[in-house]
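Here's the letter readout for the chains.
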Amino acid sequence: MEQGPPSKTTGEPSREKCIDPYLRCAFNGAAQTALGISGSALLAHSPQGCEYLVNNAFASQECDYMETVTLCTKLCVDEIVHGGEEMLARTIREARDLPISVLFVISACGPEIVGDDIRAVCETLQPEVKFRLIPIQSPGFRGSQYDGIDIALDTILKSLVKKDTEKVPHSVCLIAPHANANPTWTADLAWAKRVLSRMGIQVVATLTHRTPLSEIEKAASAETSLLLSHDAGQDAVAYLEEAHGIEPVGRGIPLPVGMTNTQRWLSALGERFDKQKAVEEMIAEGERMVMATCRRKWPMARFLYRTPAAIVADATVGIPLVRFVTEEMEMTPELVALYTSHRPVRELLESELKDLKLTPKVVYGTDVFRTRMSLLEVKPRVIFGSTIERHASEGLSPVYIVEVVRMIRQFRMINREYFGYTGILNLFEAVQNEWTMGWRSKERRYGAKW
Amino acid sequence: MENDAIVFHGTLQQLLGKVESGEMIPKLQASHAPMCKFFTAYYVISGIRHVVPLVHGPTGCPLYMSDFVRTRECCEIRGVPLEPTACTALDESHVIYGGEGKLLEAVKEAYAKYHPDLIVILSCCCSGIIGDDVESIAREAEKLVGCRVLALRSEGFGGDFRSGYEDAFKLIMELMDPPARTMKGTINILGARWGPSPTEFSWDLDEIERLLALVGIKTNAVIAGGCTVEQIRHAREVELNASWCYDWGQKLGDLMQERFGIPYSRTGQPYGVEATKEWLLGVATPLGMEKEALAVIEKETQEVAPDIAYLNQALSGKTAIIEISEFPGPIRALSLARMAAEFGAHPVVINVHPYTIKERMPSIKFLLESGVNPEVILTKGLFRLGSFRSSKETEEELEAIVRQYEKPLFFGNSGRFPPCPVVNLTLMNPMFQPQYGFRGIKNIAALVRQALEHKDLPRSRLFRGMLYGTGTPQ
C-alpha cells in the first residue's frame, strides 16, 4: 500500500475514539477533484454505497448529469474474496463508448485492502479505449476529504500535466477552489477569476472546476500558483513549485473575506504582478460600493457590537471570518472551532489572533460533539457555522445562527461568493436574515379574529 | 404492440418467470447504484430513539447518513433532535493492525458522551474485511456500559440494500423481552424506517394509525419508526403484527411469527377502497374486532363516496400507464395498478426493472397471489448507462408507448411529459398526502381531477429542457 501524505485532520493525534465528524473521507475528496474535470467520467471501484459519496461530490462540483456520467463496479462478497479486477475491467469495457476524454477510476476501502491493482487494470485496458484511464487510489481510510483532494491532485498533476511547456507571462494556476465550505464556492472561484482578469493575469488552469483536460495538460505553463483554500492543495502548490518552477503567490495570508483581508490579498497579487495601481483602484471602488450599499440598506450587524461570537467552519472560510467578524462587524469571536488541525492552519489562525489581540477558545479538528460542548461552555450569542450548529446549540440562550458553511438549510439557487466586496454584502445579508428571523416569537402568540 | 424500443411486454407473472429462469438478468447497469447494506441497516437502526449508531469505519460512511440527519430533515421540521452519527474513524494503521481495541474504547466513550438507551455497532467494508470481531466487542462492551450494545455486520459489499434492512430488523428482535403479559387489542406496525433519516413519509403511517384508533386498536410500537427501546422490549406482548408496507414488514413479521408465535397480518398497501378494507380487516379480524372495523369502513367509505364516484367515472375505460421511477417506486406502483383496476381502468406498468423483481421477490409473489398481475412493459432505455433522471431515451419511449393506447392516463410523477393527462403521485408534494387509506382516496381523486381538468394547459418547456435537454422530442 502506498504511503500517503500526513492526514489533514490528525495533525495532532486525537485521543478520542468515538467521533462525530464534519468531514467526509478521502474517497469523497478524490471524487470531488476528479469530477471537476470536464469531459470526463468517474468510475468508483467500490461497493455500491460509495457511489453516494460520488453523488455528493457530483453535486458539490455542480456537474450536469447530461454531460457527466458516474459509474460503479458495485463490488460484492465475491469480488472482495476473489478480487475485483475482472469486474473493473468489465465495467471499463462497458463504458468504452462514452464520449469522454478521461475516465477516472477511484478505488475505495474494500478493493484497496484486498489489493486490487487498479493501475495494472487501467494499463492493460488502455489500448482498448479511446479515452485516458487515470487510476486514483484514494480509499476512505487514507484520511479526510481534504486528504482525498490532495491525493487526486497529486495523481492528476503527475499523470496529465505536460512537461517543458513554455511559461505564459503574468499567468496563474488556481489550486483547490473546491476545498471550501461555502456551499456555493464556485462563486468565490468566479470572483477570483474576475479580479485576475481585471489585473491582466491569465488563468492557465483551475485545479479543478469545469476544467478541460487541455487546461490541465498545460498547467505547467503557469508562472505562479494561487491556492484558494486553507484546507487542501498545499501539496499541489509545493509539487508545482518543485517540479515545474511555479511560484506560489498569496501564501500565508487569509483568503479575501472582508475588507481588510480582501485588501491584503489583492495587494499581494498586485505587488507580485506589478499591478499596484489597478489593485488600488479595485480596492477603492469595492470599498466605496460596499459602504454605499450599506448606507442604503442598513445592515443590522452594526447593532451586534462586541457580541460574543463563535466561528465553526473549515479553515478556508473560518480563518478569514475571524478578522471580518472582529473588525468589520465588530463582534468578538470567543470560540473558533475549525474542522482541520494541520500546521499551516494553526500557524495562520494563531498569527491572525495575535494580530487582532484576540484570545478565544480554539478547537482544531473539531467534531460535532466537541462543538456542542464548546458552545455550551462559551455560550456565544452569534454563531457563524452550519445547520449542525443550529441544532447543536439547542438549549442555549437565544442565539443567532448565521448559516454560512455547509450544511445550510436555505437553498441557494444563485451562487454567492464570500470573497471580495460583494462577498461582504452576502455575509451581511446572511446575518440580516437571521437577525430578522430572531424576532419571531413562538411563545407570545394570539390568533387573529378574521 | 410493435415498438423497437420494447424489451419485454407481458404480464408481471411472465416477467417474474423470465427473471427466475435467468432469461432476464436482474442486474443494474454500472451507472445505477442503489444504497448498500450499510446505509439501509443504518436507516432502520436510526429509527429507534436515543440510539447511537456507532459506525466502525472511516468517516465517509456515516457522513452520507448525517447529511440527512443534520439538515432540514431533523429538529424543526420532523421533531427529531440532533442525534449523533458517531464513528471510529478508522485509518491506515487500523486497517493494518486492527481496530477492535479502538472500537471497545469508542463504545465506552459513546456511552459517556451521549447517554444513549442503545448502542448499535455497524461494521462497514474496512472493519469487515480486516476481520474485526464486532459481535465479541459488543458483548464485552455491554458489561462496561449502562445500556444494551448490539453489533450488526453491515459491510457495504456484504449484501444488497435489502439485506441491510432485513438484518437490522432481525437484530432488533434481540431487544425483545419474553412477554410478561398480553396487551389486548394491541399491535406492532412493522417495516418502518422513520428516524432522523427521511426514508419514509409519515403521512401514510398517520392514516393507518388513525384508522386503527377509530376501530379501537392500539399500537405498541412502530418498528423502527421513532420507537423507543422500551416499546421494542414489550413488542412480544402484542396480539398481532401488521406492516405498513408489505415489502418492508414481511421479513420481520415472518420471523416474529416463526420465533415468537405472534401472528402477522399479510396485507398489501392500502391504496384504494378494497385494499384499505383488506388491510384494516386483516388486522381487526384476528383481534376479534371485525364488527368495529366494518363500522369504521362503512362510515369512512360514505365520507369519501363522492371521491369514489369521481374516480369510477374518471378512470373507467381508461388505460392507466403507471411508471416506476424514483417515486412512487415499484411496490407502490403495483399497488396503484390494483387501485386503477378497481376503478375500472386497465393498468399498464412501465419499467419495473428485473433487478427490482429479484430484490423484491417475496413482495412481488405476494402481490401476484393477491391477484395483482398487470400488463408490464420494459423499454431499452431502462438498461442504458446514465442517470434515471436524465433518461431521455426512457422519456421518448414512454411517450411512444402512451400514443399507442386508447384513452391513456399517466400515473407517475410530473418529471414525465407524455401526451396525456399526468397524475402527479410524487411523494415529494406534501399537499396531497397521504395516499393510503380513505384520506388517500380523497387525495388521489384530487390529483386525478387536476390531471383531467387541466390536461390542455401547457407543460413547462423549462422543466422539460432541464430534465431532457432542448432537443426536439421524437
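Here the structure is a predicted model, which is why all the values come from computation and not from measurement.

## Considerations on the overall build of chain B
Looking only at helices and strands, chain B has 20 helices and 13 strands in total. Relative to its length of 474 residues, chain B is compact, with a C-alpha radius of gyration of 23 Å against a globular reference of 23 Å. Structurally, chain B occupies a C-alpha span of about 70 × 55 × 45 Å along its principal axes. Considering only contacts within chain B whose residues lie at least 6 apart along the sequence, 74% involve residues at least 24 apart.

## Focus on the overall build of chain A
The secondary structure content of chain A amounts to 17 helices and 13 strands. Against the compact-globule benchmark of 22 Å for 450 residues, chain A has a radius of gyration of 23 Å, which places it among compact chains. Overall size of chain A, expressed as C-alpha extent along the three principal axes, is 70 × 55 × 50 Å. Per-residue burial over chain A gives 57% buried out of 450 residues. Look at the contacts in chain A between residues 6 or more apart in sequence, and 74% of them connect residues 24 or more apart.

## Quick notes on the domain arrangement of chain A
Residues and elements named next belong to chain A. Partitioning chain A into domains gives domain 1 (26-159), domain 2 (171-272) and domain 3 (295-437). Placing a centre on the C-alpha atoms of domain 2 and another on those of domain 3 gives a separation of 24 Å. Of the residues lining the interface, 27 residues belong to domain 2; the matching set on domain 3 comes to 30 residues. Those elements that place two or more of their residues in the side of domain 2 that touches domain 3 are helix 8 (186-198) and helix 11 (259-272). Considering every element that reaches the side of domain 2 that touches domain 3, the biggest residue donor is helix 8, with 7 residues.

## Some details on unusual backbone geometry
All names here are of chain A. The amide bond that connects leucine 207 to the next residue, threonine 208, takes the cis arrangement and shows omega of 0°. Relative to the assigned elements, threonine 208 resides in the loop between strand 6 (202-207) and helix 9 (213-217). With a phi angle near 55°, arginine 306 is a residue other than glycine that sits in the positive phi range. Residue classification places arginine 306 among the exposed residues on the basis of 9 C-beta atoms within 10 Å.

## Digging into the interface of chain B and chain A
In this complex, chain B contributes 51 residues to the contact, which on the side of chain A involves 51 residues. Put simply, the parts of the chain that give the side of chain B that touches chain A at least two residues each are helix 2 (37-45), helix 3 (60-70), helix 4 (92-97), helix 5 (100-114) and helix 6 (125-130) of chain B. Among the elements that take part in the side of chain B that touches chain A, helix 5 of chain B stands out by supplying 6 residues, more than any other. Among the residues making up the side of chain B that touches chain A, the classes are represented as 29 nonpolar, 12 polar and 10 charged.

## Topic: the domain arrangement of chain B
Residues and elements named next belong to chain B. If you check the domain split of chain B, you get domain 1 (6-30 + 306-468), domain 2 (37-159) and domain 3 (177-303). For domain 1 and domain 3, the distance between their C-alpha centres works out to 27 Å. Taken together, the contact between domain 1 and domain 3 spans 24 residues of the former and 23 residues of the latter. Partitioned by chemical class, the residues of the side of domain 1 that touches domain 3 number 12 nonpolar, 7 polar and 5 charged.

## Details of the confidence of the model for chain A
Residues at a pLDDT of 70 or more form 97% of chain A, whose mean pLDDT is 93. Confidence over residues 1-5 of chain A falls short of pLDDT 50; this stretch has 9 contacts with residues more than four positions distant or in other chains.

## Quick notes on the sheet that holds strand 11 (residues 375-379) of chain B
Residues and elements named next belong to chain B. Taken together, the 6 strands give an open sheet; going across it, the order is 1-11-10-9-12-13, and neighbouring strands pair in mixed fashion. Every other strand in the sheet has two partners, leaving strand 1 (6-11) and strand 13 (422-424) as the edge strands with one partner each. Mean inter-strand twist for the sheet, computed between neighbouring axes without regard to direction, equals 20°. As paired elements, strand 10 (residues 346-350) and strand 11 share 3 bridges and run parallel to each other. In the strand pairing of strand 11, isoleucine 350 is matched with isoleucine 377. Contacting strand 12 (408-412) and strand 13, helix 19 (residues 437-453) runs over the sheet at an angle of about 145° to strand 13.

## Considering the pairing of strand 9 (residues 319-323) of chain B
Residue and element names in this part refer to chain B. Among the 5 residues in strand 9, 5 count as buried, and that is most of the element. The alternating pattern of strand 9 places Thr319, Ile321 and Glu323 on one face and Ala320 and Ile322 on the opposite face, and all of these are buried. Where strand 9 meets strand 10, 5 bridges bridge the pair, whose relative direction is parallel. By the bridge assignment for strand 10, alanine 320 is matched with proline 347. Direction of pairing for strand 9 relative to strand 12: parallel, over a ladder of 4 bridges. Paired with isoleucine 321 across the two strands is phenylalanine 410, which belongs to strand 12.

## Observations regarding the nonpolar core
Burial of nonpolar side chains together is a common tendency in soluble globular proteins. Among the nonpolar cores identified, the biggest contains 290 residues, and Cys173(A), Leu54(B), Ile121(B), Leu122(B), Ile223(B) and Ile322(B) are the most heavily contacted of them. The contact partners of Ile322(B), leaving out residues within four places of it in the chain, are Ala333(B), Leu336(B), Ala337(B), Ala340(B), Pro347(B), Val348(B), Val349(B), Ile350(B), Phe411(B) and Gly412(B).

## Considerations on helix 4 (residues 85-94) of chain A
All names here are of chain A. Considered for burial, the residues of helix 4 that qualify are Glu85, Met87, Leu88, Thr91 and Ile92. For helix 4, the angular spread of the buried residues around the axis is 160°, confining them to a single face. Buried residues belonging to helix 4 abut strand 1 (40-45), strand 2 (70-72), helix 3 (77-82), strand 3 (102-107), helix 6 (118-125) and strand 4 (132-137).

## What to know about the packing of helix 1 (residues 26-34) of chain A against helix 7 (residues 145-160) of chain A
Residue and element names in this part refer to chain A. Contact pair helix 1 / helix 7: the axes reach a minimum separation of 6 Å and the direction vectors enclose 45°. In terms of orientation, helix 1 lies oblique with respect to helix 7. For the element pair helix 1 and helix 7, the recorded crossing hand is right-handed. Of helix 7, the residues touching helix 1 (which contributes Ala26, Phe27, Asn28, Gly29, Ala30, Gln32, Thr33 and Ala34) are Gln145, Tyr146, Asp147, Gly148, Ile149, Ile151, Ala152, Leu153 and Ile156. Of the residues belonging to the contact of helix 1 with helix 7, the class tally is 10 nonpolar, 6 polar and 1 charged.

## Comments concerning the environment of Leu240(A)
Residues and elements named next belong to chain A. Relative to the assigned elements, leucine 240 resides in helix 10 (residues 234-244). With 25 C-beta atoms packed within 10 Å, leucine 240 lands in the buried category. As a C-alpha pair, leucine 240 and alanine 220 span 20 residues in sequence and 7.3 Å in three-dimensional space. Discounting residues that sit within four places of it in the chain, leucine 240 has contacts with Leu157, Cys173, Ser225 and Ile246.

## Description of the packing of helix 11 (residues 246-260) of chain B against helix 17 (residues 361-369) of chain B
Residues and elements named next belong to chain B. Look at helix 11 against helix 17: their axes get within 9 Å of each other, and the N-to-C directions meet at 105°. By the angle between their axes, helix 11 is roughly perpendicular relative to helix 17. Contacts between helix 11 and helix 17 involve Tyr246, Asp247 and Gln250 from the first element and Pro362, Ser363 and Phe366 from the second.

## Focus on the confidence of the model for chain B
Counting all residues, the mean pLDDT for chain B is 90, and 93% of those residues have values of 70 or more. Scoring the predicted complex yields pTM 0.93 and, for the interface, ipTM 0.92.

Definitions and cut-offs
- Residues numbered from 1 in each chain as written.
- Chains lettered and ligands numbered in written order.
- Predicted model: local features only at pLDDT ≥ 70, side-chain atom pairs only at ≥ 80, totals over all residues.
- Helix = DSSP H or I, 4+ residues; strand = E, 2+ residues; numbered from the N terminus.
- Rg over C-alpha atoms; globule rule 2.2 N^0.38 Å.
- Contact = placed C-beta atoms within 7 Å.
- Buried ≥ 20, exposed ≤ 12 C-beta atoms within 10 Å, placed from the backbone.
- Domains from an automatic or database assignment.
- Nonpolar A, V, L, I, M, F, W, Y, C, P; charged D, E, K, R; others polar.
- pLDDT = per-residue confidence, 0-100.
- Pairing = 2+ DSSP bridges.
- Axes fitted to C-alpha atoms, helices over the stretch in contact; angles between N-to-C directions.
- Core = buried A, V, L, I, M, F, W, Y, C linked by C-beta atoms within 7 Å.
- Arc of directions from axis to C-beta.
- Parallel < 35°, antiparallel > 145°, perpendicular 65-115°, else oblique.
- Left-handed = near helix turned anticlockwise from the far one by under 90°.

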